[in-house]
Amino acid sequence: MADAAEDPTLFTAHALPSDPRLWPTVTNAYLGTRVYHDTLHVSGVYNGTLGDTHRAVLPSPLNVRLEAPAGTGQQLTETFVLDTNTGTFLHTLEDPSFRAAQRIFAHRTLPHVLAFSVSLARLAAGSRPVTVHLQAAFSPESPDMDLRVGPDFRGARYLYGHTLAPELPGGPQQEVHMLWTPVPPSLTLGEGEEDRTWEFLTVVGGSQAEAQTHLTEALQLQARGALHSAHAQAWARLWAGCGLDVAGPLVLRQALRGALYYLLSALPQPGTSGYVCHGLSPGGLSNGSREECYWGHVFWDQDLWMFPSVLMFHPEAARALLEYRIRTLPGALDNARDLGYQGAKFAWESAGSGREVCPEDIYGTQEIHVNGAVVLAFQLYYHSTQDLQLFREAGGWDVVSAVAEFWCSRVEWNPGEEKYHLRGVMPPDEYHSGVDNSVYTNVLVQNSLRFAAALARDLGQPVPPQWLEVADNIKVPFDAEQNFHPEFDGYEPGECTWRPFPPESLPAPRWSAAPVRPLPPGEEVKQADVVLLGYPIPFSLSPRVRRRNLEVYEAVTSPRGPAMTWSMFAVGWMELKDPRRAWDLLQRSFANISEPFKVWTENADGSGAVNFLTGMGGFLQAVLFGFTGLRITPAGVTFDPTCPRGVASVRASGLSYQGNQLDVSFCEDWVTLETRARAGPWAPPLEAELWPSQARLPLPPGKQRPQTHPVGRGSDPQRLPLPAGRTVSFPRSAGRIQRSLPQEADAASSAPRTSFPRRWTPAPEPAGRPLGTPGPSAP
């Protein structure tokens, strides 16, 4: 890769940022904190009732700072490194005579464990003792828990208690039990010792027995000298299994590595058994105390902005995210019933129960587009994995059908237009509330209902006629004269200049730099909204309309909106094969990345949520789906790669599709595909169909040597086997990765099958397709 002299995996500094919010996070799937922070959070543990629900604060024994010995003076060098290879934060103090290093990490294979170690080593001859000080400020208190000190266990201190207020009135209060190694005020490398390491553990569980069990596991690793090495090896395996990199600017490579690292940190290690997901919040598990980073709630951010990349790299974790929505379906059913509708209305802000916990009613009532994002995640998962068990037995069908019922009860028939209307909603553009027929929301209604109908047929369920009646007849605002999609009924495009308003008729959301307020038509919008049509929302658009939507809304989108917006503009321009404009817009995202540890902020001025996983998710999608042109469709995964300006090549490794693990790379002239592994004999063989030639390059396991295929525009269909672990290369082309069919089955490929191996089968489609529609590109 380019810029090889600079390692994009290590983020190094000689001083920490002045704003502690921008210090790196230490997180796994169960525990989260920031380095040198006095608070840690436990996944799924909230305090407060309904609108006051927030992540419960647990005091952090990990809040220990290494200090240099007295008398080291100006010769001391201090370094801070976030090593994404090993998931470790390293603080080093060094002078000519000694080196002191503190490692802090959230254990990858023991998710109930946080740890830090201190190592001392001599660098010069001598035997005098070397002492370093440990600055600790631990107090066994919490504003959210009734905590008590219990008896020590195996040398560890013990603190236990429960939250003060349940999420739902009369509900249970959550228990927390913590064991930790006591930290002395100083550590000394004794006379005659050349080096020594001390390790300190923090273990959290939902019961005393659980905490003790996990402490015992950690102590066993510690006794073998493998506490950190087991963690680092797990990270090495994870990175060996997935990655996203470019031959291009170092700033882009670092941004991609940092975003993927922080997102993977929030997920379990592949193969972890018994993992229960409590959702991904915009600020991650390291944030979310009261009055901070969305209070740890789960929004559409999880389903629309984070989920697509999680699905491609870690389908087990993607399923766990869907299982969170399944578990919270009872709360969603109650939300709909409270609003007077049928079916399920997923909370705009969700915690443990699925009931609406947004402190301001207007958002929970009007931002119903969250329902469409939830179903879209199930839809992508279904096409990508064909995991019928989730839908038939584990509750996936219940979610999809309940959302369909909600939409049908929420729309109103307008006899004048002979269309169904959706009134009084707030679109993603939160600068406008109470609007009618948000085009983004209505297209999601259409998508949800059509997927629900298709899924019903696949599962042998009856399809209520109203589902397709509403899908086919809901209003999708379009201005034929100006050739664009108005954001909602009455919206007119126009030039605007951003100007702050004080809060007026609407409460300011806790996460926005600017308050929500009623605006006259043509004024600015907060964030990506209409431009989400086409990607990530499946919706057919002609190139002219796609271009017009991008141009209209780029002119009126607030420069102070959230971080994920410009990534979606970039995806749109990549679709239109304008890589220069795509790159210019994507670069705006760099303003949200704080140096030196690549911590994202929600807004470019540093305000809003920090460790903003939503922005990272959008940025990853800009490359993983924008540069590559990857789209998950019923018929397969389409691709249409383009290198933006300054990027010579792109490589996405470890992508998952129906049990196959794939590597996809491309440059200006060539595309290379590799089937690196199959999850089992049930995983179907794959092939690549190239467009517009419709040449087919099968990718089944075998023993043939890898080949390069000069597939031309007029080539006949051909079959060139690719064994697992080998590669196939061909001149850069659009196409589709799909299940391989026998030659004799080609004629019948338009008929869907009802057996497990295939739910939808690709049929040839005409050239010149609208953007967002799976099929061959125009010649």
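Since the structure is predicted, the reported quantities are computational estimates derived from the model, not experimental observations.

A.B. asks: Tell me what's going on with the layout of surface pockets, and back it up with residues and numbers.
C.D. replies: Computed from the structure, the second largest pocket encloses a volume of approximately 640 Å³. If you list the elements that add at least two residues to the lining of the second largest pocket, you get helix 2 (227-241), helix 5 (315-327), helix 8 (369-385), helix 9 (388-392), strand 26 (649-657), strand 27 (660-667) and strand 28 (670-678). Grouping the amino acids of the lining of the second largest pocket by side-chain chemistry returns twelve nonpolar, twelve polar and five charged.

A.B. asks: Outline the nonpolar core, listing residues and values.
C.D. replies: Formed by 208 residues in total, the largest nonpolar core has its most connected members in Trp300 and Phe597. Examining the composition of this core, we find that eleven residues originate from one element, helix 11 (residues 439-459), more than from any other. Ala156, Leu201, Leu215 and Leu227 belong to the second largest nonpolar core, which has 17 residues in total.

A.B. asks: Help me get a handle on unusual backbone geometry, residues and values and all.
C.D. replies: Most peptide bonds are trans, and most residues other than glycine sit at a negative phi. Backbone torsion omega between Tyr535 and Pro536 reads 5°, so that peptide bond is classified as cis. Summarising the element assignment, Pro536 is placed in the loop between helix 12 (465-473) and helix 13 (543-556). The linkage connecting Trp691 with the following residue, Pro692, adopts the cis geometry, with an omega of 5°. By secondary structure assignment, the location of Pro692 is in the loop between strand 29 (686-691) and strand 30 (696-699). Here Trp295, not a glycine, exhibits a phi torsion of approximately 60°, which is positive.

A.B. asks: Give me the lowdown on the packing of helix 4 (residues 300-313) against helix 16 (residues 613-627), citing residues and values where you can.
C.D. replies: It is the contact of helix 4 with helix 16, at a shortest axis distance of 9 Å, that shows an interaxial angle of 50°. By the angle between their axes, helix 4 is oblique relative to helix 16. Crossing geometry of helix 4 relative to helix 16 is assigned as left-handed. For the pair helix 4 and helix 16, the contacting residues are Asp301, Leu304, Trp305, Met306, Pro308, Ser309, Met312 and Phe313 in the first and Leu613, Thr614, Gly617, Gly618, Leu620, Gln621, Leu624 and Phe625 in the second. Tallied by class, residues from the contact of helix 4 with helix 16 come to ten nonpolar, five polar and one charged.

A.B. asks: I'd like to hear about the side chain of His369, residue by residue, with values.
C.D. replies: With respect to the helices and strands, the residue His369 is situated in helix 8. Residues contacting His369, with those up to four places away along its chain left out, are Trp300, Trp348, Met426, Pro427, Pro428, Tyr440, Thr441 and Leu444.

A.B. asks: I'd like to hear about the pairing of strand 11 (residues 98-106), residue by residue, with values.
C.D. replies: With respect to burial, strand 11 is a largely interior element, seven of its nine residues being buried. By the bridge criterion, seven bridges tie strand 10 (residues 88-95) to strand 11 in an arrangement that is antiparallel. Bridge pairing in strand 11 links Glu94 to Arg99. With antiparallel pairing between neighbouring strands as the criterion, strand 10 and strand 11 make up a hairpin whose turn holds two residues. For strand 11 and strand 12 (residues 113-122), the ladder comprises nine bridges, and the chain directions are antiparallel. Looking at strand 12, one finds that Ala100 is bridged to Leu120.

A.B. asks: Please set out the pattern of salt bridges residue by residue, giving values where relevant.
C.D. replies: For side chains bearing opposite charge, pairing can occur when the charged atoms are close. Summed over the entire model, instances satisfying the criterion amount to 33 salt bridges. Where salt bridges share partners, they join Asp334, Arg337, Asp338 and Arg355 into one cluster.

A.B. asks: Which residues make up the sheet that holds strand 17 (residues 186-189), and what values do they have?
C.D. replies: Pairing is antiparallel in the open sheet, where three strands are placed in the order 8-13-17. Here the strands that pair on one side only, and so sit at the sheet edges, are strand 8 (64-67) and strand 17. Between one strand and the next, the sheet's axes are offset by a mean angle of 25°, whatever the strand orientation. Two elements, strand 8 and strand 13 (residues 130-136), share four bridges in a ladder whose sense is antiparallel. For Arg65, the partnering residue across the bridge sits in strand 13 and is Gln135.

A.B. asks: Could you give an account of the confidence of the model for the protein, with specific residues and numbers?
C.D. replies: Chain-level statistics for the protein give a pLDDT mean of 89 and a share of 87% at 70 or above. pLDDT under 50 marks residues 1-5. Its contacts with residues more than four places away, or in other chains, come to twelve contacts. Counted against residues more than four places away or in other chains, residues 702-707, with its pLDDT under 50, gives twelve contacts.

A.B. asks: Explain empty space enclosed by the protein residue by residue, including any values.
C.D. replies: Throughout the structure, instances matching the rule amount to seven cavities of 30 Å³ or more. Quantified by volume, the largest cavity comes out at close to 120 Å³. Lining the largest cavity are 16 residues; nearest its centre among them are Ala29, Ser43, Gly279, Leu280 and Leu285. When its residues are assigned to classes, the lining of the largest cavity shows eight nonpolar, seven polar and one charged.

A.B. asks: Describe the environment of Ala591, and please don't skip the residues or the numbers.
C.D. replies: Mapped onto the fold, Ala591 is located in the loop between helix 15 (579-586) and strand 22 (593-594). What makes Ala591 partly exposed here is its relative accessible area of 46%. As for Ala591 and Gly606, which are separated by 15 residues in sequence, their C-alpha atoms are 8.9 Å apart.

A.B. asks: With reference to specific residues and values, describe helix 6 (residues 329-339).
C.D. replies: Those residues of helix 6 that fall on the buried side of the exposure criterion are Leu329, Gly331, Ala332, Asn335 and Ala336. For helix 6, the arc enclosing every buried residue in end-on projection is 155°, short of the 170-degree limit, so these residues lie on one face. For helix 6, the exposed residues set more than 90 degrees away from the buried face come down to Arg337 and Asp338. Its buried side turned inward, helix 6 meets helix 5 and helix 10 (396-410). One or two positions beyond helix 6, positive phi appears at Gly340, with a value near 90°.

A.B. asks: Please provide a residue-by-residue account of helix 2, values included.
C.D. replies: For an α-helix, 3.6 residues make a turn, and residues three or four places apart therefore share a direction. The terminal C-alpha atoms of helix 2, which comprises 15 residues, lie 22 Å apart, in line with the 21 Å expected from a rise of 1.5 Å per residue. Within helix 2 the residues assigned to the buried category are Leu227, His228, Ala230, His231, Ala232, Ala234, Trp235, Leu238, Trp239 and Gly241.

A.B. asks: If you had to explain the packing of helix 2 against helix 3 (residues 250-265) to someone new, which residues and values would you point to?
C.D. replies: Where helix 2 meets helix 3, the closest approach of the two axes is 12 Å, and the angle between their N-to-C directions is 120°. Taken together, the axes of helix 2 and helix 3 are oblique relative to one another. Note on packing geometry: the crossing formed by helix 2 with helix 3 is right-handed. Between helix 2 and helix 3, the residues in contact are Trp235, Leu238 and Trp239 and Arg257, Leu260, Tyr261, Leu264 and Ser265, respectively. When grouped by side-chain class, the residues that make up the contact of helix 2 with helix 3 number six nonpolar, one polar and one charged.

Rules behind the numbers
- Residues numbered from 1 in each chain as written.
- Predicted model: local features only at pLDDT ≥ 70, side-chain atom pairs only at ≥ 80, totals over all residues.
- Heavy atoms only, no water.
- 1 Å grid on protein atoms, 1.4 Å probe; cavity = no way out; pocket = protein on both sides within 12 Å on 5 of 7 lines; lining within 4 Å.
- Points joined across faces, edges and corners; volume = space filled by probe spheres on them.
- Helix = DSSP H or I, 4+ residues; strand = E, 2+ residues; numbered from the N terminus.
- Nonpolar A, V, L, I, M, F, W, Y, C, P; charged D, E, K, R; others polar.
- Core = buried A, V, L, I, M, F, W, Y, C linked by side-chain atoms within 4.5 Å.
- Buried < 20%, exposed > 50% of the residue type's maximum accessible area, 1.4 Å probe, protein only.
- Axes fitted to C-alpha atoms, helices over the stretch in contact; angles between N-to-C directions.
- Parallel < 35°, antiparallel > 145°, perpendicular 65-115°, else oblique.
- Left-handed = near helix turned anticlockwise from the far one by under 90°.
- Contact = heavy atoms within 4.5 Å.
- Pairing = 2+ DSSP bridges.
- Salt bridge = Lys/Arg side-chain N within 4 Å of Asp/Glu carboxyl O.
- pLDDT = per-residue confidence, 0-100.
- Arc of directions from axis to C-beta.
- Expected span 1.5 Å × (residues − 1).

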